[in-house]
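Descriptive analysis of the structure
These are the residues of each chain, in order.
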Amino acid sequence: MLREPNLKVFTKEEEEKVTEQAMALYDERRNQEADDLLDSLPMPAEYLQTLKECMGLDALISEGVNLSKAVEKYGQSWLAS
């Protein structure tokens, strides 16, 4: 069963805090945890469109990639097409 898409919207301050936490994890050589944390942040819509074309939407959802910017730019129907 597929997960729900990650559509969490972050404030600029929240994004900065998550990035700081990820950098601290990298310093501790906890790279996978840092990568997972950064994946929770929204990516640019155009980049997500390219990833969707290459990987498929199901893969992005199952990886927990934040899709909020794509839905914001292209609309809710982006998740269905």
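Before reading on, note that the structure itself is shown above.
Residues numbered from 1 in each chain as written. Predicted model: local features only at pLDDT ≥ 70, side-chain atom pairs only at ≥ 80, totals over all residues. Heavy atoms only, no water.

Let's shift gears to helix 3 (residues 45–55). Burial in helix 3 covers these residues: Ala45, Leu48, Leu51 and Lys52. Relative to the axis of helix 3, the buried residues are bounded by an arc of 115 degrees and lie together on one face. Looking at helix 3, the residues exposed on the side facing more than 90 degrees away from the buried face are Glu53 and Cys54. In this structure, the buried residues of helix 3 make contact with helix 4 (57–63) and helix 5 (68–74). Taken from the residues just after helix 3, glycine 56 is the one with a positive phi, measuring 95 degrees. (Buried < 20%, exposed > 50% of the residue type's maximum accessible area, 1.4 Å probe, protein only. Helix = DSSP H or I, 4+ residues; strand = E, 2+ residues; numbered from the N terminus. Arc of directions from axis to C-beta. Contact = heavy atoms within 4.5 Å.)

It is worth spelling out the packing of aromatic side chains at this point. In this structure the tally under the stated criterion is one aromatic pair. Their ring planes at 20 degrees and their centres at 6.4 Å tell us that tyrosine 74 and tryptophan 78 sit as a pair that is stacked. We note lysine 8 situated over the ring of phenylalanine 10; from NZ or CZ to the ring centre the distance is 4.5 Å. Lying over the aromatic face of tryptophan 78, lysine 52 brings its terminal NZ or CZ to 4.4 Å of the ring centre. (Phe/Tyr/Trp six-rings, centres within 6.5 Å; stacked < 30°, edge-to-face > 60°. Lys NZ or Arg CZ within 6 Å of the ring centre and 35° of its normal.)

The next subject is the environment of cysteine 54. Secondary-structure assignment places cysteine 54 in helix 3. Residue cysteine 54 is classed as exposed on the basis of its relative accessible area of 66%.

Treat this as a map of the structure, not an account of what it does.
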